[in-house]
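Fold and contact review
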Amino acid sequence: MTDELGELGRRVSAARAAAEARGETFYQGASRVHLAAFPPRERWDDWVELSSRAWPAREEKHYTLVPTTCFNCESACGLLAYVDRETGRVRKFEGNPEHPGSRGRNCAKGPATINQVTDPDRILYPLRRSGPRGSGGWERVSWDEVLDALAARIRTALLESRQNEIMVHIGRPGEDGFTERVVASWGVDGHNSHTNVCSSGGRTGFQFWMGIDRPSPDHANAAVIYLISAHLESGHYFNPHAQRITQARASGAKVIVLDTRLSNTASHADYWLAPQPGSEAAINLAIANHLIQTQAYDREFVRRWWNWAEYLTACHPQAPVTFAAFEEILSGLYAEFTFEFAAAESGVSAETLAEVADVVAGAGHRFSCHSWRSAAAGNLGGWQVSRTLFLISALLGAVATPGGTFPNTWNKFVPRPVHVPPHPGVWQELSWPLEYPLAQNEMSFLLPHFLKDGRGRLDTYFIRVYNPVWTNPDGLSWMEVLRDESLVGCFVALTPTWNESAYFADYVLPMGVGSERHDTHSYEQYDGQWIAFRQPVLRAARERRGEKIADTREVNPGEVWEENEFWIELSWRIDPDGSLGIRRYYESVERPGEKLTVDEYYGWLFSHSVPGLPERAAAEGLTPLQWMRRYGAFEISRGQGAVHEQEVPPEELADAHPGPFGRVYTAAPAPADPNIVPQGAPVPDAAGRRPAGVIVDGVARRGFPTPSGRLEFWSSTLAGWGWPEHALPGYIRSHVHPSALDAGQVVLLSTFRLPTQIHTRSANAKWLDELAHTNPVWIHPGDAARFGIGGTGDLVRVSTEIGYFVAKAWLTEGIRPGVVACSHHMGRWRLDGGPRGAGGMMATVGLDRSPDGWAVSRHAPAGPYESADPDSQRIWWSDTGVHQNLTFAVQPDPISGMHCWHQAVRVRRAEPGDRHGDIAVDTAKAHAVYQRWLGRTRPAGSVSPDGTRRPQWLMRPVKPAAEAFALPADQ
Ligand code: SF4
């Protein structure tokens, strides 16, 4: 034993020396030598642990550790699969210490990936419906039958110029660019997303400032962290951010949280503000006004980087175009936003707001902030919440500074893949209608209403990682169109598990979970760039043993596939002879005329498009693909710094042409664009020259990808496209502002999610289901007395504009009086007689139609059941909450396009006969509400300044060719 320990000690010392020579962190060995947090990567081929089940016997278990990334939220944290070398099965998942974003740490949903792998209710084979849609009849079919049938439909549609009848609707992308590439290769504008029911409100505010739609806060180095969300438990990139926020707090950073309910995040804040929903922008403006009035802003930053000269010229033509004149005007712009005004709007005291404003002022450049779903997703004008939040950053000069907030693309890297298809030449009006020219993303949640209005039809409609009937507002309108074959010709659900939408599909196609599929991704989680690789871990483990795996189905359970190989095969069959011009994007470079494999796709991408990776891999005698399969993530750079300050190289300025306000244009070719489709590129000038930078104090600098090249305090886009009154950061009173509520109405806050659940995917993770399975309505005790509700557990009826739901009450002082709250994660259901879905989280329901609308009633609660997993017999709960989203009408913000989730509701004791989980919805009323909100818009046909449908510089996930932007002739 002593010798053995001596040998291990020598190996550990050697590994430490090797790591230190490479300038890397060394992870001490675990197991029998040292206690340590993570297995050192030198020992991932044969990692030894003692079997807990064999205790007290010391039985060794040998594992191959294979990295992948978690698919249970957008963070893409690293996971290590522990593949048992004896059984060849995955034993468990833990964190991957080599992942620069998550650094070995995960939330509860990461390790619960093992539940999804072993889920007894998962779909294992391709299925085709065998009766009317939604009748519950299914038959097993082969992948070949599915592929041939779908390929024939799509090929016919393309040949008949029905490109706009093909749509791929994406819920959680979980990857960077593969699906967009597929859609573009087919020449269709068929990419749809979930973003307008999620983050468009947050994105829009940042977009109009920076030309980039996401913030990348450097929380770890911040002095003050300002969050308008429950960021520590469920915010965007929450685990990677939460660990850095925690790190900053340990160094003395102050955390300010705006959240109407007492979230876990609020409970950790130094300042918890619980504002009236929709008043957040007023608070931000009061703080901004304080910075302005006390001259606590960074004048030099504002002078150099704001587009104040453009603003003065457009809005104050009498004023001299000087910074002094601008400062004078600025000093009056927000003068009405006193602490007293913000207090009256928000219900937070003026004294508290003043104290918080002083804390913010003291942060200087070390002020990091984030606002994503939450208030920006809840309110009419919610996008001004993030626009006014970034106003604070822009005043402080805390932009791309250590401890400040970066534009996200500076902290993200999307490699260019092989064979990049061109921009499609068509425009999909079902996703990008004329009424919403400035919508941040596709108007996805209006699709049922557009189809009902006869604006188009879909021949073939795919959903992947998406459950529109459950996730969207007004899900029963979705159900109505998905059941109608005249509106949706063929409905295909790509999903690992049953869900409320898949029940109405024509084909249900089983896809792998996070450890059974390939994807790459890179997300802004600190001031650096990394790329990570999701992979089928059993494939990688077997290949490490020397086996050849040609198709991921060889290692996945049943006939579960992965999307990459599915899309390649489908695209090949759509265009078998290459005559449609599609096949060339799926041909091997190494073996011309043969099909591209995923190995070649990722091998090419890692070898050609990721700086530094080939050299790093070669140092270990590996190819870049082998290196990524072995370690799972690669840090490309750290400390991007202030990219906007970089000087434009002289060669790009050889033919520089000045534009207005210092913008510089050039005919020189752009530096290599890593994105498949440039997302935020500002439009060229009249001569077709591209913007190369902006002159600041006589020096051409990179600047920001806005039309002006500067941070846009005043947006020429908003002003020019019909919304001049909102061109500055400002305050728009919400549709649930107290003045908009009838007597007896309160605000229902419906946007929060639970730390241990993730929409509908996590219902197939038994550990998570046991942790969180219900969603009572949070009610303040004072309100409960007013509503006649006796106590926690009483049934309440919550009525919206189109129906009602019945839920249990939870009396708590953790919610602002006058506001109720309900998490949107619960209330999963399956149709009586249909597949089981998720046994521990789905109630069995009946759907009944009457002249008054739909009634959803519980036939049976969740409970214990027989399955291959004995734990399914141990389900002790029956309350799985209520599906409140069904009772929400669509409420699209006329500018950002974001669905405004908050609801004006009436709450009262349930009526005799009401049962927990009951739902009633009138979809005719829902359509009328849609039409009313449509009336708030200013369509492109009447406001477009240049004959286009949409400003070309705004982002689109798949951007059509420039000619497709032209307004139709009848507009
Ligand atoms: S935060 Fe949790 S759910 Fe999200 S990727 Fe990381 S481990 Fe997975």
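Residues numbered from 1 in each chain as written. Predicted model: local features only at pLDDT ≥ 70, side-chain atom pairs only at ≥ 80, totals over all residues. Heavy atoms only, no water.

Here the focus is the side chain of Glu 562. Summarising the element assignment, Glu 562 is placed in the loop between α20 (537-544) and α21 (563-574). For the buried residue Glu 562, which engages in no salt bridge, the nearest side chain bearing the opposite charge is Arg 539, 5.2 Å off. With sequence-adjacent residues up to four places away left out, Glu 562 is seen in contact with Met 511, Glu 516, Arg 517, His 518, Thr 552 and Val 598. (Helix = DSSP H or I, 4+ residues; strand = E, 2+ residues; numbered from the N terminus. Buried < 20%, exposed > 50% of the residue type's maximum accessible area, 1.4 Å probe, protein only. Lys, Arg positive; Asp, Glu negative; His and termini not counted. Salt bridge = Lys/Arg side-chain N within 4 Å of Asp/Glu carboxyl O. Contact = heavy atoms within 4.5 Å.)

Taken together, the neighbourhood of the ligand is formed by Cys 70, Asn 72, Cys 73, Ser 75, Ala 76, Cys 77, Asn 106, Cys 107, Lys 109, Gly 110, Phe 238 and Asn 239. Classifying every residue of the shell around the ligand by side-chain character gives six nonpolar, five polar and one charged. (Near = heavy atom within 4 Å. Nonpolar A, V, L, I, M, F, W, Y, C, P; charged D, E, K, R; others polar.)

In most cases, non-glycine residues show a negative phi, while peptide bonds are predominantly trans. Between Trp 55 and the following residue, Pro 56, the backbone shows a cis peptide bond with an omega angle of 10°. Mapped onto the elements of the fold, Pro 56 is located in the loop between β1 (47-50) and β2 (60-69). Residues other than glycine seldom take positive phi values, yet Asp 474 does so here, at roughly 60°. When its relative accessible area of 1% is taken as the criterion, Asp 474 is described as buried.

A complete count under the given rule lists 74 salt bridges for this structure. For Asp 506, the salt bridge goes to Arg 129, with nearest N and O atoms at 2.4 Å. In this pair, Asp 506 is assigned in the loop between β16 (488-494) and β17 (507-509) and Arg 129 in strand β5 (residues 127-129), connecting sequence segments 377 residues apart. Asp 506 serves as the salt-bridge partner of Arg 133, at 2.6 Å between the closest nitrogen and oxygen. Placement of the pair is Arg 133 in the loop between β5 and β6 (138-140) and Asp 506 in the loop between β16 and β17, with a sequence separation of 373 residues. Asp 506 matches Arg 133 in its accessibility class, with the two residues each being buried. Through salt bridges that share partners, Arg 153, Glu 160, Arg 162, Glu 165, Arg 457 and Asp 459 make up one connected network.

This part takes up the packing of helix α11 (residues 308-315) against helix α12 (residues 323-333). Look at α11 against α12: their axes get within 10 Å of each other, and the N-to-C directions meet at 75°. Between α11 and α12, the crossing angle belongs to the class labelled roughly perpendicular. Of the residues in α12, those touching α11 at Trp 308, Tyr 311 and Leu 312 are Phe 323, Ala 325, Phe 326, Ile 329 and Leu 333. (Axes fitted to C-alpha atoms, helices over the stretch in contact; angles between N-to-C directions. Parallel < 35°, antiparallel > 145°, perpendicular 65-115°, else oblique.)

Another point: the packing of helix α9 (residues 280-293) against helix α13 (residues 339-346). As a packed pair, α9 and α13 sit with axes 9 Å apart at the nearest point and diverge in direction by 170°. In terms of axis orientation, α9 runs roughly antiparallel to α13. From α9, Ala 282, Ile 283, Ala 286 and His 290 reach across to α13, where they touch Phe 339, Phe 341, Ala 342, Glu 345 and Ser 346. Considered class by class, the residues forming the contact of α9 with α13 number six nonpolar, two polar and one charged.

This part takes up the nonpolar core. A general tendency of soluble globular proteins is for nonpolar side chains to be buried together. Counting residues in hydrophobic clusters, the biggest one holds 91 residues, and the most contacted among them are Tyr 461, Val 777, Ile 779, Val 820 and Val 907. Not counting residues up to four positions away in its chain, the partners in contact with Val 907 are Val 746, Ile 779, Phe 787, Ile 789, Val 796, Arg 797, Val 798 and Val 820. Formed by 88 residues, the second largest nonpolar core is a distinct cluster that contains Val 224, Ile 287, Leu 312 and Ala 350. (Core = buried A, V, L, I, M, F, W, Y, C linked by side-chain atoms within 4.5 Å.)

Once that is clear, we can look at the packing of aromatic side chains. Per the stated rule, a full pass over the model turns up 47 aromatic pairs. The rings of Phe 206, Trp 209, Trp 306, Trp 308, Tyr 311, Phe 323, Phe 326, Phe 390 and Phe 713 are connected pair by pair, giving a single aromatic cluster. Above the plane of the ring of Tyr 82 lies Lys 92, whose end atom (NZ or CZ) is 4.6 Å from the centre. (Phe/Tyr/Trp six-rings, centres within 6.5 Å; stacked < 30°, edge-to-face > 60°. Lys NZ or Arg CZ within 6 Å of the ring centre and 35° of its normal.)

What is shown is where atoms sit, not what they do.
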